[in-house]
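# Structural overview
Now for the letters of each chain:
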Amino acid sequence: MPRKTNGVGVQAEDAQICVVMVGLPARGKSYIAQKAQRYLRWLSIPARTFNVGNYRRTDAPQPTADFFDMNNAEGERKRRAAAEAAVADMLQWFKSGGVVGILDATNSTKERRQWVMDTISKEGIEVIFVESKCDDEALIMGNIRDVKTTSPDYKGQDPETAALDFRNRIRNYEKIYKSINEDGDENDYTYLKVMDVGKQVIINRIQDYLQSRIVYYLINLHIRPRSVWLSRHGESMLNLEGRIGGDAALSYRGEEYARKLPDLVRQSVGDDRPLTVWTSTLKRTIATARHLPKHYNQLQWKALDELDAGVCDGLTYQEIKDRYPDDFAARDDDKYNYRYRGGESYRDVVIRLEPIIMELERSEDILIISHQAVIRCIYAYFMQKDQEDSPWLPVPLHTLIKLTPRAYGTDEEKTSANIKAVSTWRGKGSTAKHEDPVPEGGI
Ligand code: ATP
Ligand code: F6P
């Protein structure tokens, strides 16, 4: 099925890829699968995870460890059936235009991997194995307590008993587990082996652009605790006039926000944590950051500049509607894809933000001071917002947003500086200078 080019290199003739997770239980396979899926979807690459555990649960909702014993014929049969059902659904999904399918299972034996390889490559789909290997017992026990004792497998059960059972489940897997290419006879496979959460990686036979992109993303992931703070610049002189774009100075209230920001940040970050501050190259974000403590590293990124409104830069929405009525309507119709004449679309902004996301994944605590459209796109990445919704998210001025990545999602905390500012949010069809009130439900 033909696929549209999306600006990041995926085109009709490009490969479809099946990412096959490999590893013992509680090694972060689902975590990695979810992150890869979120990243690819954010880049408009159709991606979907097929979790074999979910398929297995229809037939064996709450199995104890002995279900996973290789000598348990009934268990073997059900596990095999679950894997077959997941692969069958995945192949169907590829037929309907899927680009990156992720098979989330342990795939811990050579036989299973051979079967997956044969079944999937037969359909002309590239296979890349991604193994997470980790022998840090304390980390594994932490993973079990964090995510396994609350899994549907142990619903209603005592967490300590559940943790013990899960440990025994792992022991059963350990009896048959073969790390990929451990015996040197899986040399022909394309694979990425991540050891001890990225301390060491092995990359074998990566073939094309999309594969290398996925691999590059995955080797940048870490699981050290950290947060990302997002703020728009303080209110600007052009905000007051309801004009978009430009490179204006801060308003009186915007200056007040800049002076208050250090306190707001200190309260949220804490005194002893090092923080790096990223701004755009525009005056209003640099001015907003200028009272922050000198020991915070500061970096300006062109990629964090506001969405370029092209010929509409500096206009009010009413002026845009008067001068370019068709464009005004087209933007409301499909705000994510609409590209200003001589300027950018939200889709364009996402593409230029990709290096920012990559760097964010590699980094620890970061404060980003940027602009409405850019913050919407970064927020959409962390909070998995749909493309149709992200350009409409309300991101109020004078508000600090703290995002903290967790095992399977992102926590969010919002702190208002309690300094009045105009609203720059605009509803569909509206040309109001300042829309008030802004609807609930966004950021
Ligand atoms: P299962 O086989 O039971 O489905 P799993 O391997 O999919 O287990 P996850 O459910 O993804 O394991 O485990 C999530 C936990 O793994 C999180 O607490 C996360 O911090 C941690 N984690 C993420 N990446 C890694 C990694 N590379 N190595 C070890 N742990 C990791
Ligand atoms: O905990 C291991 C697990 O995630 C189970 O929930 C699931 O049944 C199994 O892995 C799927 O992988 P495989 O079928 O390769 O054992």
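Above: the structure in question.
The structure presented is a predicted model; accordingly, all values stated were derived computationally and were not measured.

Each value, and the rule that gives it
Residues numbered from 1 in each chain as written. Chains lettered and ligands numbered in written order. Predicted model: local features only at pLDDT ≥ 70, side-chain atom pairs only at ≥ 80, totals over all residues. Heavy atoms only, no water. Salt bridge = Lys/Arg side-chain N within 4 Å of Asp/Glu carboxyl O. Helix = DSSP H or I, 4+ residues; strand = E, 2+ residues; numbered from the N terminus. Buried < 20%, exposed > 50% of the residue type's maximum accessible area, 1.4 Å probe, protein only. Near = heavy atom within 4 Å. Polar contact = N/O pair within 3.5 Å; in protein donor to acceptor, adjacent residues only side chain to side chain. Nonpolar A, V, L, I, M, F, W, Y, C, P; charged D, E, K, R; others polar. Expected span 1.5 Å × (residues − 1). Arc of directions from axis to C-beta. Areas by Shrake-Rupley, 256 points an atom, 1.4 Å probe, with all protein chains shown as cover.

## Digging into the pattern of salt bridges
- Enumeration over the complete set of coordinates arrives at 36 salt bridges.
- Here Glu174 makes a salt bridge to Arg171, at a shortest N to O gap of 3.6 Å. On the criterion of helical spacing, the pair formed by Glu174 and Arg171 is a turn pair, its members being three residues apart in helix α6 (residues 159-176).
- In this structure Glu174 comes out as partly exposed when scored by relative accessible area, which is 33%.
- Here Arg339 makes a salt bridge to Asp348, at a shortest N to O gap of 2.7 Å.
- Judged by its relative accessible area of 18%, Asp348 is buried.
- One network of salt bridges, in which partners are shared, links Lys110, Lys178, Glu182, Asp183 and Asp185.

## A word on the site of ligand 2
- Ligand 2 sits among 13 residues. The nearest are Arg56, Arg79, Thr106, Arg169 and Tyr173.
- Here an oxygen atom of ligand 2 and a backbone polar atom of Asn107 are 3.1 Å apart.
- Contact distances for ligand 2 include 2.5 Å between an oxygen atom and a side-chain N or O atom of Tyr173.
- Listing elements by their share of the shell around ligand 2, those giving two or more residues are α2 (52-59) and α6.
- Here the residues of the shell around ligand 2 sort into six nonpolar, three polar and four charged.

## Here's the deal with helix α1 (residues 29-42)
- With 14 residues, α1 extends 20 Å between its outermost C-alpha atoms, agreeing within 8% with the 20 Å of an ideal straight helix rising 1.5 Å per residue.
- Burial within α1 is extensive, with twelve of its 14 residues counted as buried.
- Among the residues trailing α1, Ser44 stands out with phi positive, at a value near 70°.

## Here we look at helix α5 (residues 137-148)
- All of the buried residues in α5 are Ile140, Met141, Asn143, Ile144, Val147 and Lys148. For α5, the arc enclosing every buried residue in end-on projection is 160°, short of the 170-degree limit, so these residues lie on one face. Every exposed residue of α5 that faces more than 90 degrees away from the buried side is listed here: Ala138 and Asp146.
- Capping the start of α5, Asp136 holds a side-chain oxygen 3.1 Å from the backbone nitrogen of Ala138, two or three residues further along.

## Details of the site of ligand 1
- Around ligand 1 lies a shell of 18 residues, among which Lys29, Ser30, Tyr31, Lys148 and Tyr408 are the nearest.
- Between Gly28 and ligand 1, the recorded distance is 3.1 Å, taken from a backbone N or O atom to an oxygen atom.
- Residue Lys29 places a side-chain N or O atom 2.7 Å away from an oxygen atom belonging to ligand 1.
- Taken by itself ligand 1 offers 650 Å² of open surface, and the protein chains cover 91% of this.
- Elements with a contribution of two residues or more to the shell around ligand 1: α1 and α5.
- Looking at which element gives the most residues to the shell around ligand 1, the answer is α5, with four residues.

Fair warning: the whole summary comes from geometry, so function is off the table for now.
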